[in-house]
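# Observations on the model geometry
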Amino acid sequence: MGKVVWSQWANLIAIVAGVFEVVGGVFGLFYRLSMWEQVTSIFNAFVIPINVIAIVCIVFGLAILAIEVPLPLFKGSFFTRTYVPRIVLYTIFAAVSFIDYQNVNPGLYMYISCLMYTIALAKGENKVAPKETRGLKV
Amino acid sequence: MTDETFFQREFAPKRLAFWIFWFGSHIGLFIYGFFKQKDDASLATLNSIGLSVWTSRGAGLCLAYDCSLILLPVCRNIIKYLRLTFLNRLIPFDENLWFHRQVAYAMLFFTLIHTFAHYINFFKVEVLGLFPTWTVHYKTWAGLTGHFMLLIMVLMYTSAYLPMRNQSFETFWYTHHLSFFFMLCLYFHAYGCFVRTANHVCKPYYSYRYALVGGVIYFFERVLREIRSRRATRITKVIAHPERAIEIQFDKRSFRYKPGQYLFLNVPAISKWQWHPFTITSAPDDQYVSIHVRQVGDFTTALGDLLGCNNGSGKRSKTESVVIQNKFDSLPTIRVDGAFGAPAEDVFDNEVVILVGCGIGVTPFASILKNIWYQHRNSRPSKLRRVEFYWICRDTEAFEWFQSLLKALEASQMEPGFLTFNIYLTQKLRQSTIQNIIINDVSGTYDPLTDLTSRTHYGRPNFGQVFDDLTKSIQSGKYLPRKDKGPTNVGVYYCGPAPLARTLKVACKKAANPDIKFSFHKEHF
């Protein structure tokens, strides 16, 4: 019955984005298509015959999950201590994801997650990592 | 404490029957939708895409089924009426939110299948030279509404995740109202018709029609809720109890309820949209309806402030109950929706009942105990022969909430031993308090803490032992003299935190024997 912890919600949405980023990437290896092929052909070289973007997206997705779940390796590290690195990273990840046909929606979710992390920053939630605030009353 | 295992829980006859129905209906629908598309010769162009089209159509049909079901378990007013019919024996209506979650899980699963299949479909549509992929995704009704629904689902599912819900119920509650837009998208999802034959004849599954039925029923539910809550309601009295508990008594002519039920309260002055559940603590024979509210969260504290129950500091130091207001004007308007069923209303169908309340969890039993008192006074018969009341409380001040009620009940003892109070105090006491109790306990006929003739126990009750003793005394015939032949029904009713509920459930199972049936019921919160 407390206030919403924005970073907690952002964390969950980022996990969703991460999962779909990986799944979309795997699909992208088999069904290769650039989202922008009607507009410009400059991305086609990255997508066909081998979908480099999709492989990059899988790596991105795994990175998101490593930061958000988080992996013990990342716990308390530079990436998880504050929200700024994630906001910057996800913005770049999302921009790249938009090139790949299957990864448009995860990219959108990443932007939503970024937006929520920004709100969390603005509200001063940065003191506690999201994992530790779960279930606690703030 | 031996907890029941996963296998025991999921393969209990009733649950197993549900799972068979649930998985069976989904698999059946999937296969039907799959082959209806595959074997339709007139859809040859579409079928040339292959497996992914059939899969998406099968999953789509399952989704139509789930989307038409998902709103039904949250129609609390309609469920309330259905609970009174014979259906109550077939369908456990109190598990409505559990069913709501199962539908949601099924929906998520088939959404993923449906969406991934469509991602392949639209890709192949372009390969076949029919349409460019991106136009199918973002320029057709089906594509756009689908992506919008996915986004809404991401927001709704993440905010409904249990830690999120515990952290901020309001966020969950407001986000869940995105379902309105979700349903709107769903009804237009098949608009523009993608499944066409070569002669441009549309061949949809008309799934929106089924989904619309659920939507219309829910719409009526909301209208009914609005009408019922807008009937004249007036606060008549506010009493501030110790431990930051408030008793609100109000008058609503149209309000009908049974002991042990609960209602939803809305105070427009605090929030126009928030509805909070509270147990009714008065009995139907009372002139008023009352609820006890403990100030623990945002809403309840705001309510306390609004009703003037809190001093400037926000905390009351007084230990006695005070009537704050009983003027008719100057009090805020409230809206009440209810009353809704809870298992505790079946109490009167047992011969022996054991009522167990923890802290504020005593509220449904207050209503039941009051009703017992009225029944006795108006000499109305009921099956009930013995009532064992257990109240487990952390500290002494909490006793004050219902002390006057308990005292009145005890004084009016009907047959000797009809009603037994067992009050347990779990807090660690100060040395001086213990001394005080010892001195007063020996001399007085009343308990020094509760002022009742029944003595307060210290520590937690051992329910295994309690049930054993009960079984023995029933079998020896001392407990229920002049008892008819046949098995005795012992109803155990519990309201409080979950760990003790599990303990009680296990104890009930252990104590059961052919002559004495122990049935366990728990209030849902």
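Residues numbered from 1 in each chain as written. Chains lettered and ligands numbered in written order. Predicted model: local features only at pLDDT ≥ 70, side-chain atom pairs only at ≥ 80, totals over all residues. Heavy atoms only, no water.

Looking up chain B in an unreviewed UniProt entry gives the name 7778_t:CDS:1, with the organism given as Paraglomus brasilianum. What the UniProt record of chain B gives under Subcellular location (unreviewed entry) is the line "Membrane". (UniProt positions renumbered as here; feature names shortened; annotations may be inferred.)

For chain A, the name recorded in an unreviewed UniProt entry is 9513_t:CDS:1, with Paraglomus brasilianum as its organism.

Of the regular secondary structure elements, chain B holds 19 helices and 13 strands. Residue burial in chain B is summarised as follows: out of 525 residues, 49% are buried. For chain B, contacts bridging at least 24 residues in sequence account for 74% of all contacts bridging at least 6. Carbon and sulfur atoms form 62% of the exposed surface of chain B, whose accessible area is close to 26,500 Å². (Helix = DSSP H or I, 4+ residues; strand = E, 2+ residues; numbered from the N terminus. Buried < 20%, exposed > 50% of the residue type's maximum accessible area, 1.4 Å probe, protein only. Contact = heavy atoms within 4.5 Å. Areas by Shrake-Rupley, 256 points an atom, 1.4 Å probe, with all protein chains shown as cover.)

Before going further, it helps to spend a moment on the interface of chain A and chain B. With 32 residues of chain A at the contact, the number on the chain B side is 32 residues. For the pair chain A and chain B, the two sides together bury roughly 2,800 Å², of which 68% comes from carbon and sulfur. Counting across the interface, chain A meets chain B through 0 salt bridges. Summed over the shared surface of chain A and chain B, the number is 4 residue pairs in polar contact (both at pLDDT 80 or more). Those elements that place two or more of their residues in the side of chain A that touches chain B are α1 (6–30) and α6 (104–122) of chain A. Residues that form the side of chain A that touches chain B fall into these classes: 21 nonpolar, 6 polar and 5 charged. (Buried area = accessible area lost by both parts, 1.4 Å probe. Salt bridge = Lys/Arg side-chain N within 4 Å of Asp/Glu carboxyl O. Polar contact = N/O pair within 3.5 Å; in protein donor to acceptor, adjacent residues only side chain to side chain. Nonpolar A, V, L, I, M, F, W, Y, C, P; charged D, E, K, R; others polar.)

Residue and element names in this part refer to chain B. Most of strand β8 (residues 352–358) is tucked away, with 7 of its 7 residues classed as buried. Alternating residues of β8 divide into Val352, Ile354, Val356 and Cys358 and Val353, Leu355 and Gly357, and every residue in both groups is buried. Relative to strand β9 (residues 386–393), β8 runs parallel, the two being bridged by 7 bridges. If you follow Gly357 over to β9, its bridge partner there is Trp391. Examined bridge by bridge, β8 and strand β12 (residues 488–495) share 6 bridges and lie parallel to one another. What sits directly across from Leu355, in β12, is Tyr493. (Pairing = 2+ DSSP bridges.)

All names here are of chain A. Its 17 residues place the ends of helix α3 (residues 52–68) 24 Å apart at the C-alpha level, agreeing with the 24 Å of an ideal helix rising 1.5 Å per residue. Residues Ile53, Ala54, Cys57, Ile58, Phe60, Gly61, Ile64, Ala66, Ile67 and Glu68 constitute the buried set of α3. A distance of 3.3 Å separates the backbone nitrogen of Ile53 from a side-chain oxygen at the start of α3, and that oxygen is part of Asn51. (Expected span 1.5 Å × (residues − 1).)

Residues and elements named next belong to chain B. As summarised here, the arrangement of the 6 strands in space is β11-β10-β9-β8-β12-β13, forming an open sheet in which the pairing is parallel. The open sheet is flanked by β11 (456–458) and β13 (516–522), the only strands paired with a single partner. Sheet twist, expressed as the average angle between the axes of neighbouring strands with direction ignored, equals 20°. Against the sheet, helix α18 (residues 463–475) touches β8, β9, β12 and β13, its axis set at about 145° to β13. Its contacts with the sheet place helix α19 (residues 498–511) against β8, β9, β12 and β13, and it is angled at close to 165° to β13. (Axes fitted to C-alpha atoms, helices over the stretch in contact; angles between N-to-C directions.)

Take the packing of aromatic side chains next. Geometry of an aromatic ring pair is reported as the spacing of the ring centres plus the angle between the planes. Residue and element names in this part refer to chain B. Summed over all chains, the structure comprises 36 aromatic pairs over all chains. Arranged with centres 5.1 Å apart and planes meeting at 80°, the rings of Phe109 and Phe110 form a pair that is edge-to-face. By the ring-pair criterion, three or more aromatic residues cluster together here, those being Phe18, Trp19, Trp22, Phe23, Tyr65, Trp98 and Phe99. Across from the ring centre of Trp54, 5.1 Å away, lies the NZ or CZ of Lys38, which sits over that ring. Its end group placed over the ring of Phe264, Arg76 keeps NZ or CZ at 3.7 Å from the ring centre. (Phe/Tyr/Trp six-rings, centres within 6.5 Å; stacked < 30°, edge-to-face > 60°. Lys NZ or Arg CZ within 6 Å of the ring centre and 35° of its normal.)

Let us look at the packing of helix α9 (residues 141–160) of chain B against helix α11 (residues 169–176) of chain B. A pair of packed helices can be characterised by two numbers: the angle between their axes and the separation between those axes. All names here are of chain B. Where α9 contacts α11, the axes come no closer than 9 Å and their chain directions differ by 155°. Looking at the two axes, α9 sits roughly antiparallel to α11. Both α9 and α11 take part in a crossing whose hand is left-handed. From α9, Leu155, Met156, Ser159 and Ala160 reach across to α11, where they touch Phe172, Thr175 and His176. (Parallel < 35°, antiparallel > 145°, perpendicular 65-115°, else oblique. Left-handed = near helix turned anticlockwise from the far one by under 90°.)

Below, the discussion takes up the UniProt feature "transmembrane region" (unreviewed entry) in chain B. Residue and element names in this part refer to chain B. Per the UniProt record, "transmembrane region" (unreviewed entry) is annotated on residues 16–35, 103–121, 141–162, 174–194 and 206–224. In this annotation, residues 16–35 is assigned 100% helix and 0% strand; the end-to-end C-alpha distance for the span is 28 Å. In residues 103–121, the share of helix is 100% and the share of strand is 0%. The end C-alpha atoms are 26 Å apart.

A word on the pairing of β9(B). Residue and element names in this part refer to chain B. Within β9, 8 of the 8 residues are buried, leaving the element largely enclosed by the surrounding structure. Going residue by residue along β9, you find Arg386, Glu388, Tyr390 and Ile392 tucked away on one face and Val387, Phe389, Trp391 and Cys393 tucked away on the opposite face as well. Across 7 bridges, the pairing between β9 and strand β10 (residues 419–425) is parallel. Residue pairing across strands places Cys393 opposite Leu425, the latter belonging to β10.

In this structure the tally under the stated criterion is 9 salt bridges over all chains. Here Glu68(A) ties to Arg86(A) by a salt bridge, and the two come within 3.1 Å at their closest N and O atoms. With a gap of 18 residues between them, Glu68(A) in helix α3 and Arg86(A) in helix α5 (residues 84–97) connect regions that are remote in the sequence. Accessibility classification places Glu68(A) together with Arg86(A) in one group, the buried group. For Arg225(B), the salt bridge goes to Glu221(B), with nearest N and O atoms at 3.0 Å. With Arg225(B) and Glu221(B) both in helix α13 (residues 207–230), this residue pair falls 4 residues apart, about one helical turn. In this structure, Arg225(B) and Glu221(B) share a single accessibility class: buried. Residues joined by salt bridges that share partners form a network here, namely Arg76(B), Arg228(B) and Asp337(B).

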